[in-house]
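A structural walkthrough
Next come the chains, spelled out residue by residue.
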Amino acid sequence: MFNKLQYISQGNTVEEQTRNIHQALDGGCKWVQLRFKNHSADATFALAEAAKILCEEYLANFIINDNVYLAQQIAADGVHLGLTDMSIKEARSILGDTKIIGATANTFEDIQNHIQNGCDYIGLGPFRFTTTKENLSPILGLEGYQTILNEMKKQGLITPVYAIGGIGLDDIPALMETGIHGIAVSGLITQSENKKKTIKQLKNDLYGTIIV
């Protein structure tokens, strides 16, 4: 089963991104999604190579945001597709059956479509307003997650769902009660002054166990 904590990378330069990814991995993250928008192909490739090496060193899953061809080129573990990105079926035909394909959703209908098209996990959000992403979909809040997860249960849909978007440490227990599989966060880890402590607390709340 997939790790319950995903770190979505942040940083305006290759150096910042690499440092943040390294610190998240060192703090205990086992899943990194590389998100590096609006930069040159050379810079993005250099970052992806460096991040892949780090993830291999820490035995962590390495997923590329949006860029299916880059994921194929560097043999990443998979790709995460937004609502306006390449279709899941096309990405699957390029990457093959063994790679992980995640997809962004905002509604139950999105989830139905993604599952029918063969995605491996869903990033459902946003939970609340976040400055990380432009052109936000409607905010879901706890009630939105509960409604959508209840509908999935009714329909017998068991694809793992990750909450995403402006999640704070105090939100995790209530979010987990909705039935989500895990969370995807960026600023919560990037901006933490003690990443190891933050990641440990996140894991404790996500897995319901005490990690020492």
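Residues numbered from 1 in each chain as written. Predicted model: local features only at pLDDT ≥ 70, side-chain atom pairs only at ≥ 80, totals over all residues. Heavy atoms only, no water.

As paired elements, strand E6 (residues 121-124) and strand E7 (residues 161-164) share three bridges and run parallel to each other. Bridged to Leu-124 within E7 is Ala-163. You can see the chain leave E7, run along helix H7 (residues 172-177) and come back into strand E8 (residues 182-185), and the turn it takes is right-handed. (Pairing = 2+ DSSP bridges. Helix = DSSP H or I, 4+ residues; strand = E, 2+ residues; numbered from the N terminus. Right-handed = clockwise from strand over helix to strand, strands pointing away.)

At 3.6 residues per turn, the α-helix brings residues three or four places apart onto the same side. Here helix H2 (residues 41-57) spans 24 Å end to end across 17 residues, near enough to the 24 Å set by a 1.5 Å rise per residue. Looking only at H2, the buried set comprises Thr-44, Leu-47, Ala-48, Ala-51, Leu-54 and Cys-55. Looking straight down H2, one finds its buried side chains confined to an arc of 130°; they lie on one side. Among the exposed residues of H2, those pointing more than 90 degrees away from its buried face are Asp-42, Ile-53 and Glu-57. On its buried side, H2 packs onto helix H1 (14-26), strand E2 (31-34), strand E3 (61-65) and helix H3 (68-73). (Expected span 1.5 Å × (residues − 1). Buried < 20%, exposed > 50% of the residue type's maximum accessible area, 1.4 Å probe, protein only. Arc of directions from axis to C-beta. Contact = heavy atoms within 4.5 Å.)

This next bit is on the side chain of Lys-195. Relative to the elements of secondary structure, Lys-195 occurs in helix H9 (residues 195-207). Buried charged residue Lys-195 carries no salt bridge. Nearest counter-charge: Glu-193, at 9.5 Å. Sequence-distant contacts of Lys-195, that is, excluding residues within four places in its chain, are made with Gln-23, Ile-189 and Thr-190. (Lys, Arg positive; Asp, Glu negative; His and termini not counted. Salt bridge = Lys/Arg side-chain N within 4 Å of Asp/Glu carboxyl O.)

Counting residues in hydrophobic clusters, the biggest one holds 58 residues, and the most contacted among them are Leu-5, Phe-62, Ile-64, Leu-124, Ile-180, Ile-183 and Ile-189. Tallying contributions element by element places H2 first for this core, with five residues. (Core = buried A, V, L, I, M, F, W, Y, C linked by side-chain atoms within 4.5 Å.)

Time to look at the environment of Ala-103. For Ala-103, the position within the fold is in strand E5 (residues 100-105). For Ala-103, a relative accessible area of 1% corresponds to the buried category. In this structure Ala-103 touches His-80, Leu-81, Ile-88, His-114, Cys-119, Tyr-121, Ile-122 and Gly-123, once residues within four positions along its chain are discounted.

What the rule picks out here adds up to six salt bridges. A salt bridge links Asp-66 to Lys-37; its shortest N-O distance comes to 2.0 Å. A residue pair is termed long-range when its members are at least 10 positions apart, and Asp-66 in the loop between E3 and H3 and Lys-37 in the loop between E2 and H2 qualify at 29 residues.

It is worth spelling out the sheet that holds strand E4 (residues 78-81) at this point. Note: strands within a sheet are paired through backbone hydrogen bonds, in either parallel or antiparallel orientation. With parallel pairing, the eight strands of this closed barrel are ordered in space as E1-E2-E3-E4-E5-E6-E7-E8. Across the sheet, the mean angle from the axis of one strand to that of its neighbour is 25°, orientation sign disregarded. Of the pairings in the sheet, the one linking E4 to E5 comprises four bridges and is parallel in character. If you follow Leu-81 over to E5, its bridge partner there is Ala-103. Contacts from helix H5 (residues 108-116) reach E5 and E6, with the element oriented near 160° to E5. Along the sheet, helix H6 (residues 141-155) contacts E6 and E7; its crossing angle with E7, the most-contacted strand, is approximately 170°. (Axes fitted to C-alpha atoms, helices over the stretch in contact; angles between N-to-C directions.)

Here H1 crosses H2 at 15°, and the two axes come no closer than 10 Å. Between H1 and H2, the angle falls in the class roughly parallel. Taken as a pair, H1 and H2 cross one another with a handedness that is right-handed. For the pair formed by H1 and H2, the contact residues are Val-14, Gln-17, Thr-18, Ile-21, His-22 and Leu-25 on the first element and Ala-43, Leu-47, Ala-50, Ala-51, Leu-54 and Cys-55 on the second. Here the residues of the contact of H1 with H2 sort into nine nonpolar, three polar and no charged. (Parallel < 35°, antiparallel > 145°, perpendicular 65-115°, else oblique. Left-handed = near helix turned anticlockwise from the far one by under 90°. Nonpolar A, V, L, I, M, F, W, Y, C, P; charged D, E, K, R; others polar.)

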